[in-house]
Structure formats: C-alpha cells, structure tokens
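Remarks on the overall topology
Listed below, chain by chain, are the residues.
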Amino acid sequence: MSSAHPLSGLTVVEIGHSIAAPYAGMILGELGAEIVKVENPKTGDACRGWGPPFSQGAASCFHAVNRAKRGITIDLADPTQVQHLRGLIRERADIVLHNLKFGALDKFGLGAEALLAEKPGLIYCNLGAFGATGPLRERPGYDPMMQAYSGLMSLLGEDGRPPVRVSVSIIDIATGMWAVIGILSALQEKARTGKGGVVDTSLYETALAWMTIPLAGYLANGELPARCGSGVEMIVPYQAFAAADGDMMVAAGNDNLFRRLCGVIDRPSLAEDPRFRTNADRVVNRQALIAILGDVFATAPVAAWAPKLEAAGIPNGPIHTVDQVIADAQTQALGIIQQMPGTMLSLVGLPLSFDGVRPPFAKLAPALGEDNPAILDRD
C-alpha cells in the first residue's frame with residue numbers, strides 16, 4: 001500500500017455533534033477523505049464546550065474527535081443556506097453522515113430520500129439513538145443512557161453495590177466505528193453497482209452488540225449473569241488481585257494456564273483439587289478459589305509476581321493509571337500518541353497502520369465556521 005491515506009479523493013459531509021458522528025468523520029478524515037463538518041452558526045457543536053481542559057480554543061474532547069476536518073456553519077432555519085448545503089452535497093459529496101434526531105433533516109430536504117433522488121450514487125449514513133425502526137426510533141439517547149438501557153450497566157461493578165458505567169464514551173465511539181464499517185461496505189457495493197444507498201446504525205444497536213456474549217448466555221440458559229467486578233462470569237481466575245503494594249490483573253484463561261499458576265504460587269495441589277480441576281469447576285467454586293489466590297498474592301509486591309507469571313506464560317499486568325499509560329514504553333514505541341504540528345496539543349491517533357505507517361494528524365479541529373469562505377463562497 002503506497003499511502004496511509006487510502007480514502008483520499010472522497011468527500012464527506014458530516015452533520016454531526018457530540019461524539020458518535022464526529023468520531024466517524026474523524027476516522028474517515030484521518031484515512032484521507034475530505035471531511036466538511038457542518039455546525040450551527042450560533043451554538044456550534046456542544047462538544048466545543050465540554051471542558052476543562054481546553055486547548056487551542058476548544059475543549060480537548062472536541063479536538064480528540066474533530067481533527068482532520070474542515071468546518072462550515074449552516075443555519076438550517078435559513079432556506080438560502082440550506083440550498084447552499086444541498087448544492088455542496090450534490091456537487092461534491094460522496095458520503096453524508098449525521099447523528100441528528102430521527103427525521104430531523106427530512107423537513108429541510110436533507111434526508112436520505114431527497115438527497116438520493118438527486119444523487120443516486122450518494123452514501124447516506126444515519127447514526128441514530130435507538131435505530132431506524134421501532135417504537136423508540138424518535139427518542140433521543142446518549143451514551144450513559146444506552147449503557148443502562150441495553151443491560152450493559154447491569155453487568156458492571158460488584159453484586160450488592162450501586163450500578164456503575166464504563167467511564168469512557170464506549171457506545172458513542174463504537175457507533176462511530178460501526179458507521180465507518182457500514183460506509184466502507186457501501187463504498188465496496190457502489191464500486192460494483194454504481195449505486196449508493198442508506199447505512200443505518202445506532203447507539204442502541206451498538207450497545208446490544210457489546211452485549212453479544214451475555215445475551216447469548218441468557219438465551220441459552222435463562223439465567224441472569226452475575227456482576228463480577230474486574231472478572232468475567234465464564235472464566236476463573238480472570239480478574240484483578242491486590243498484591244502487597246498495588247493491584248494487578250491475572251488471566252489464567254484455561255486449565256493449562258491454571259496449572260502453571262498453581263506452580264508459580266507454590267500451591268500445585270490446587271490444580272488437582274476437585275473444586276478447581278477444570279474451568280467449569282472453578283466457575284462453580286469461584287469464591288473459594290478467589291479467596292485463596294487473594295491471600296497468596298497479597299504476600300508480595302507486583303514487581304515480585306510479574307516476572308514469575310511472565311516466565312510461566314501467564315497473561316498479567318499492572319492496573320495502570322492514565323499517566324502511566326502515556327509513559328509506558330510500549331505506548332511510546334507504538335507512536336500512537338501524536339502531537340499536532342505547530343501546537344502543544346497531543347492526541348491519540350488511529351489504531352491502524354498501513355505498511356508500518358500510522359496515518360499522521362492531518363489538521364487541527366476547525367474553528368467554528370473556519371472554512372465558510374473557501375467552501376461556501378466557492379459553491
């Protein structure tokens with residue numbers, strides 16, 4: 001592959017706000033597409049103000065999901081400006097993506113039906129809240145709400161304690177990723193047939209996709225899954241343990257690894273104990289085994305356990321804080337944290353490389369309406 005920008009030559013109009021659609025647009029932009037971000041001229045994307053921290057005139061959150069884009073403002077209440085946007089899409093856009101409320105763009109002639117009638121080769125991606133069909137399709141939704149509604153939150157934390165959520169925007173970001181998967185698939189279909197079409201994804205569908213394994217388990221046995229803290233329900237031991245000076249993750253994910261673990265902790269008899277001989281046995285007798293292992297790991301610091309576990313081939317690792325992640329030698333070697341040229345702003349790049357080259361940062365997130373003169377005046 002000759003370039004880390006395989007989508008060069010494509011133009012995307014992103015009518016997006018918050019996280020999901022902007023993250024999808026950022027991915028496409030970092031891969032080489034021209035992204036034209038459309039914002040309200042009075043308020044802009046609310047994500048601009050989601051701070052502190054702030055940098056380069058906007059919240060760091062905004063920069064994280066809106067780099068590699070050009071920016072224009074369109075007042076959808078102004079028919080003339082809407083016509084400018086329709087002309088831009090008709091003349092230049094290969095893809096339109098948005099995460100406005102279901103049907104919100106239809107009344108402005110910017111819905112999929114109207115735009116595809118004018119431009120049959122257009123790919124139109126809806127990033128909805130609950131999806132394109134069903135009784136909740138017009139209801140708004142946000143990441144924490146979807147973690148709750150999908151059942152994901154019911155699995156997090158520990159039994160007997162209040163619900164918790166995944167603190168990162170896992171539903172929003174994954175929905176952006178599914179949007180990109182759908183768009184790339186539609187581009188492949190267009191290459192075969194010459195026709196565009198509609199790609200639908202949503203926060204709720206994405207949340208349900210995260211629930212693939214728990215839902216399959218419930219459909220198989222009708223039993224509600226337990227909350228296992230740092231562990232998982234179907235594998236033991238596969239969780240965090242408190243060493244003498246901090247916490248560490250230990251993942252003995254099969255019977256062979258468990259036998260090795262018993263050797264490392266100098267308790268080989270545990271591997272032959274009928275309660276723990278197989279993973280199924282260990283799942284049934286989880287509490288007894290975890291109590292034994294917890295007492296053992298508490299006798300020595302993380303730095304003492306790590307080399308022993310590593311030598312035995314048992315997956316393990318410290319529970320890093322954010323600063324430790326940034327300073328870690330592996331993070332540094334990957335070069336995934338990149339500094340925007342000409343600024344002090346550093347962000348996480350795409351988790352992709354092409355022939356060993358990670359797509360470099362293309363452009364700082366745009367100021368509100370930054371590219372109005374270059375794009376709207378030209379059109």
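In what follows, the accompanying structure is described. These numbers come from a predicted model, not from an experiment.

**Concerning helix 9 (residues 255–264)**
- Among all positions of helix 9, only Leu 257, Phe 258, Leu 261, Cys 262 and Val 264 are buried. Along the axis of helix 9, the buried positions cluster into a sector of 155°, meaning they face one direction only.
- The backbone nitrogen of Asn 256 has a side-chain oxygen 3.1 Å away, supplied by the residue at the start of helix 9, namely Asn 254.
- The first or second residue beyond helix 9 is Asp 266, which carries a positive phi of 60°.

**Structural notes on the packing of aromatic side chains**
- With the rule as written, the count across this model stands at five aromatic pairs.
- Here the aromatic rings of Phe 130 and Tyr 204 are separated by 5.5 Å at their centres, their planes lie at 50°, and the arrangement is tilted. Here the residue Phe 130 occupies a position in the loop between strand 7 (123–128) and helix 5 (143–149), and Tyr 204 occupies one in helix 7 (residues 203–210), the gap between them amounting to 74 residues.
- Residue classification places Phe 130 among the buried positions, given a relative accessible area of 7%.
- Between Phe 241 and Phe 297 the ring centres are 5.0 Å apart and the planes differ by 40°, which places this aromatic pair in the tilted class. Pair noted here: Phe 241 is in strand 9 (residues 238–242) and Phe 297 is in helix 11 (residues 286–297), with a separation of 56 residues, a long-range link.
- Judged by relative accessible area, Phe 241 falls into the buried class, the value being 3%.
- Pairwise contacts between aromatic rings join Phe 130, Tyr 149 and Tyr 204 into one cluster.
- The side chain of Arg 282 reaches across the aromatic face of Phe 258, ending 4.3 Å from its centre.
- Note that Lys 308 overlies the ring of Trp 305, its terminal NZ or CZ placed 5.5 Å from the centroid.

**With respect to the sheet that holds strand 8 (residues 197–202)**
- With parallel pairing, the six strands of this open sheet are ordered in space as 5-2-1-6-7-8. Among the strands making up the open sheet, the edge pair consists of strand 5 (70–73) and strand 8. Averaged over all pairs of adjacent strands, the angle between their axes in this sheet comes to 20°, without regard to strand direction.
- Pairing analysis gives six bridges linking strand 7 to strand 8, with the strands arranged parallel. Bridge pairing links Gly 128 to Ser 202 in strand 8.
- In the packing of helix 1 (residues 20–30) onto the sheet, the strands contacted are strand 1 (11–15), strand 2 (34–39), strand 6 (95–98) and strand 7, and the crossing angle to strand 6 comes to about 150°.
- Contacts between helix 7 and the sheet are confined to strand 7 and strand 8, with strand 8 contributing the most and set at about 60° to the helix.

**A short note on the side chain of Asn 126**
- Its location among the elements puts Asn 126 in strand 7.
- Judged by relative accessible area, which is 19%, Asn 126 ranks as buried.
- Ignoring any residue separated from it by four or fewer positions in sequence, one finds Asn 126 in contact with His 98, Val 198, Val 199, Asp 200 and Thr 201.

**Remarks on the pattern of salt bridges**
- Under the definition given, this model contains 18 salt bridges.
- Salt-bridge contacts for Glu 118 lead to Arg 86; the nearest nitrogen and oxygen are separated by 2.3 Å. In this pair, Glu 118 sits in helix 4 (residues 112–118) while Arg 86 sits in helix 3 (residues 79–92), placing the two residues 32 residues apart along the sequence.
- A relative accessible area of 14% means that Arg 86 is categorised as buried.
- Within the structure, one salt-bridge network assembled from shared partners comprises Glu 14, Lys 37, Asp 45 and Lys 69.

Here is what the cut-offs are and how they apply
- All residue numbers refer to position in the chain's written sequence, counted from 1.
- Residue-level local features of this predicted model are given only where pLDDT is at least 70; pairs of side-chain atoms are given and counted only at 80 or more, and the full residue set underlies all totals for whole chains, interfaces and linings.
- Each side-chain value is worked out from all heavy atoms of the structure, with water and hydrogens disregarded.
- Each residue is assigned to one of three classes by its accessible area relative to the maximum for its type, calculated with a 1.4 Å probe on protein chains only: buried under 20%, partly exposed between the two thresholds, exposed over 50%.
- The secondary structure listing takes helices from DSSP runs of H or I that are at least 4 residues long and strands from runs of E that are at least 2 residues long, numbered from the N terminus.
- An arc is given here, and it is the one of the directions from the helix axis to the C-beta atoms.
- As used in this structure description, the phrase polar contact means that two N or O atoms lie within 3.5 Å; if the pair is within protein, one of them must be able to donate a hydrogen and the other to accept it, and residues adjacent in sequence are counted only when both atoms belong to side chains.
- In this scheme Phe, Tyr and Trp rings, the latter by its six-membered ring, pair at centre separations within 6.5 Å, and the angle between planes marks the pair as stacked below 30 degrees, edge-to-face above 60, and tilted otherwise.
- Geometrically, a lysine NZ or arginine CZ counts as sitting over a ring once it is within 6 Å of the ring centre and also within 35 degrees of the ring normal.
- Strand pairing is defined by DSSP finding a minimum of two bridges between the two strands.
- Note on geometry: axes are C-alpha line fits, over the in-contact stretch for helices, and angles between N-to-C directions span 0 to 180 degrees.
- Whether two residues are in contact is decided by their heavy atoms, any of which lying within 4.5 Å being enough.
- By salt bridge we mean one thing: a side-chain nitrogen of Lys or Arg within 4 Å of a carboxyl oxygen of Asp or Glu.

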